[in-house]
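The residues making up each chain are set out below.
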Amino acid sequence: MGNQALEGEVLPTDLVQPRLQLVSAVPARLLDGKDELNFAEFPLSALSERPNPAVKTIHFEDKIFDRSKNEHITRKVTITGSDAFGLPTPIDEEVLLALIQLSKIQKFETKRVYFTRYQLLQLLKWPPTGASYARLDQALKRWMGVTMYYKNAWRDRKNRCWQDSSFHMLETVNIVDSKAKREVDGEQCVSYFEWNEVVFRSFQNGNVKALNYDFFLSIESSVAKRLYRFLDKRFFHSDEVEYELKTLCYEHVGLSRNSPTGDLKRKLKSAIDELVAKGYLEATPKERLFVKQAPGVWRVCFKRKAAAHLDEGLAVPQPQSLEGALVSFGVRAQKAAELVGKYPAQVVEQKLSVVTWMRDRKDSRVSSNPAGYLIKSIEESYEAPKQYALEMQAVRKRVAAKKQQGRVSERELERLRQLEERERAKRTAIDEFWGSLS
């Protein structure tokens, strides 16, 4: 777009005009969105039916095994809101996710992102009404006043470790009303926001994952939306996962800690049913969905639907394209299209099979970035591990044996058919003989 102003807004006065980079037109559909991995791991707001305005601080925590330290650690996230605007809400989280999409459209090139509020409403699928603009402004002010405290909970992808980090989400928000003057002192002005350096560095270090943003927006329940973002991150390594019920609900979905087990199961089941109906999760019988381990201790199991095609929030039971398979594996849509167009389909399929096999066996070569390893394996023609070759050889032998058994069975059936024909011919001849007699 160059330096041309968007309708209703004007370019900034504090920067030299050639440096300005406006967000390009917002696409009508955004299947290849992005999500920051730390924000998908822990909630940024509480899912409370009756939030207490006097509460200005919330926290979430869990325990994991940290391979870099070879010990169990407690991860804790504390979120404090300002006196004026309070804590974030689930709707504010959706606004934050939309801001990430604006940066993604701009390829995460600068921490300052120029935009129009109308573009943001387009991304959120909100109507361009006065109420929507007011709600948007409130969300941006709230994020300006929020402080995040991560204790052993902020993943630094560059150093491959969990670390402590404290920051505001946004450093600056500058909103220019559409009725404002288009030029100030000969230069134009436009709305912009600026990420905190910690958040922006995480973007640039690649600590983001693919997200079907259109599908996310199609989800109605706030619980289902939160569950989808969390599971979509965890399904990267396996299509089946399970968690302790209370830890999942309290610490990763954000349900109230005052909720008894029965309420947790009911709310989670409702969210799961929506994701099943939309074709994201496999339907699981209730007796296998929630498994009791001890008094008051339950585990909940999830399985991603095989080759799910999420389009406008609806499941289409059709085979996944090769390009779609790469995107599901974590490859960016643009890169997936490039690989499929440049390399033979059988090469891409074979490398995808190999890297999937390595990922499922938790091979250290793909543990940190399976999608990146897959791209390199296609472009640089990596050799498959010997164990993979041996297993594939064994599979081929089994398939050949089954085919041979099938051929034998067909020959046997043909022999029986011929015997039947001869017996039928004999019976016909005998019947004709007896019929010729007086």
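As the structure is a computational prediction, the values presented were derived from the model and not from experiment.

### Observations concerning the overall build of the protein chain
Helix and strand counts for the protein chain stand at 15 helices and 16 strands. Within the protein chain, the proportion of its 438 residues that are buried is 44%. In the protein chain, 67% of the contacts between residues at least 6 apart in sequence involve partners at least 24 apart. Taken as a whole, the protein chain presents about 23,800 Å² of accessible surface, with 51% of it coming from carbon and sulfur.

### Some points on the sheet that holds strand β5 (residues 147-156)
Strand order in the open sheet formed by four strands is β2-β3-β5-β6, with antiparallel pairing between adjacent strands. Pairing within the sheet leaves two strands with one partner each, and these edge strands are β2 (57-66) and β6 (161-168). This sheet shows a mean twist of 20° between the axes of neighbouring strands, independent of strand direction. By the bridge criterion, seven bridges tie β5 to β6 in an arrangement that is antiparallel. Across the sheet, residue Tyr149 finds its bridge partner in β6, namely Ser166.

### A few points about the confidence of the model for the protein chain
Summary statistics for the protein chain give a mean pLDDT of 82 and a share of 78% for residues scoring 70 or more. Model confidence for the protein chain, summarised as mean pLDDT per element, is weakest for strand β16 (residues 314-315) at 36 and strongest for helix α8 (residues 245-253) at 96. Per-residue pLDDT stays below 50 along residues 1-18; that stretch engages in 61 contacts with residues further than four places along the chain or on separate chains. Segment residues 309-320 is flagged for pLDDT under 50; beyond a separation of four residues in sequence, or across chains, it makes 23 contacts in the model.

### Points about the packing of aromatic side chains
Going through the model one piece at a time under the given rule, you end up with 18 aromatic pairs. Aromatic side chains Phe215 and Tyr280 sit 6.1 Å apart centroid to centroid with 35° between the ring planes, which places their arrangement in the tilted category. One end of the pair, Phe215, is in helix α6 (residues 213-218); the other, Tyr280, is in the loop between α9 (261-277) and α10 (286-289), and 65 residues separate them in sequence. In textbook terms, an aromatic cluster arises when at least three aromatic residues are bridged by ring pairs, as seen for Phe108, Phe115, Phe193, Trp195 and Phe203.

### A closer look at the nonpolar core
Formed by 78 residues in total, the largest nonpolar core has its most connected members in Met169, Trp195, Tyr213, Leu227, Leu231, Leu268 and Phe302. With seven residues, helix α2 (residues 90-105) is the single largest residue contributor to this core. If sequence neighbours within four positions are ignored, Leu268 has contacts with Leu227, Leu245, Leu248, Cys249, Phe290, Val300 and Phe302. Judged by nonpolar contacts, the second largest core, of 21 residues, contains Ala325, Tyr343, Ile375 and Tyr388.

### Here we look at empty space enclosed by the protein
As enumerated under the stated definition, the model contains three cavities of 30 Å³ or more in all. When its volume is computed, the largest cavity comes out at roughly 90 Å³. Around the largest cavity, the lining residues are Leu47, Pro90, Glu93, Glu94, Phe216, Ser222, Lys225, Arg226 and Arg229. Breaking the lining of the largest cavity down by element, the ones donating at least two residues are α2 and α7 (222-234). Per-element tally for the lining of the largest cavity: the top contributor is α7, with four residues. Looking at the lining of the largest cavity, its residues break down into three nonpolar, one polar and five charged. Here the second largest cavity is characterised by a volume of approximately 50 Å³. Along its surface, the second largest cavity is lined by Gln350, Lys351, Val354, Val355, Met358, Tyr373, Ser377, Tyr382, Glu383, Ala384 and Pro385.

### Re the packing of helix α11 (residues 322-329) against helix α12 (residues 333-342)
Contact pair α11 / α12: the axes reach a minimum separation of 9 Å and the direction vectors enclose 140°. Classified by the angle their axes make, α11 and α12 are oblique. Note on packing geometry: the crossing formed by α11 with α12 is right-handed. Listed contacts from α12 to Leu322, Glu323, Leu326 and Val327 of α11 are Ala333, Ala336, Ala337, Leu339 and Val340.

### Concerning helix α14 (residues 370-379)
Counted residue by residue, α14 has seven buried out of 10 residues, so it is predominantly covered. Among all positions of α14, only Pro370, Ala371, Tyr373, Leu374, Ile375, Ser377 and Ile378 are buried. Just past α14, the residue Ser381 takes up positive phi, approximately 55°.

### Some remarks on unusual backbone geometry
In this model, Lys125 sits at a positive phi of 60°, which is unusual for a non-glycine residue. For Lys125, the location among the structural elements is in the loop between α3 (117-124) and α4 (130-145). For Ser381, which is not glycine, the phi torsion reads 55° and is therefore positive. The topology assignment puts Ser381 in the loop between α14 and α15 (386-436). For Ser381, a relative accessible area of 53% gives the class exposed.

### Topic: the environment of Leu245
Mapped onto the fold, Leu245 is located in helix α8. When the C-alpha positions of Leu245 and Lys292 are compared, they lie 9.7 Å apart, and in sequence the two are 47 residues distant. The residues contacting Leu245, other than those within four sequence positions of it, are Thr261, Leu264, Lys265, Leu268, Phe290, Trp298, Arg299 and Val300.

### Comments concerning the environment of Leu102
Here Leu102 shows up in helix α2. Judged by its relative accessible area of 0%, Leu102 is buried. Separated by 21 residues in the primary sequence, Leu102 and Leu123 place their C-alpha atoms 8.5 Å from one another.

### Some details on the pairing of β5
The two faces of the sheet receive side chains in turn, since in a regular strand these alternate between them. Where burial is concerned, most of β5 is hidden: seven out of the 10 residues are buried. Counted along the chain from β5 to the antiparallel partner β6, the turn is four residues long, and its residue Arg160 has a positive phi close to 55°.

### What about the environment of Glu94?
As for its position among the elements, Glu94 is in helix α2. In this structure, the C-alpha to C-alpha distance between Glu94 and Ala139, residues 45 residues apart in sequence, is 9.5 Å. The contact partners of Glu94, leaving out residues within four places of it in the chain, are Leu124, Phe216 and Lys225.

Parameters and conventions
- Residues numbered from 1 in each chain as written.
- Predicted model: local features only at pLDDT ≥ 70, side-chain atom pairs only at ≥ 80, totals over all residues.
- Heavy atoms only, no water.
- Helix = DSSP H or I, 4+ residues; strand = E, 2+ residues; numbered from the N terminus.
- Buried < 20%, exposed > 50% of the residue type's maximum accessible area, 1.4 Å probe, protein only.
- Contact = heavy atoms within 4.5 Å.
- Areas by Shrake-Rupley, 256 points an atom, 1.4 Å probe, with all protein chains shown as cover.
- Pairing = 2+ DSSP bridges.
- Axes fitted to C-alpha atoms, helices over the stretch in contact; angles between N-to-C directions.
- pLDDT = per-residue confidence, 0-100.
- Phe/Tyr/Trp six-rings, centres within 6.5 Å; stacked < 30°, edge-to-face > 60°.
- Core = buried A, V, L, I, M, F, W, Y, C linked by side-chain atoms within 4.5 Å.
- 1 Å grid on protein atoms, 1.4 Å probe; cavity = no way out; pocket = protein on both sides within 12 Å on 5 of 7 lines; lining within 4 Å.
- Points joined across faces, edges and corners; volume = space filled by probe spheres on them.
- Nonpolar A, V, L, I, M, F, W, Y, C, P; charged D, E, K, R; others polar.
- Parallel < 35°, antiparallel > 145°, perpendicular 65-115°, else oblique.
- Left-handed = near helix turned anticlockwise from the far one by under 90°.

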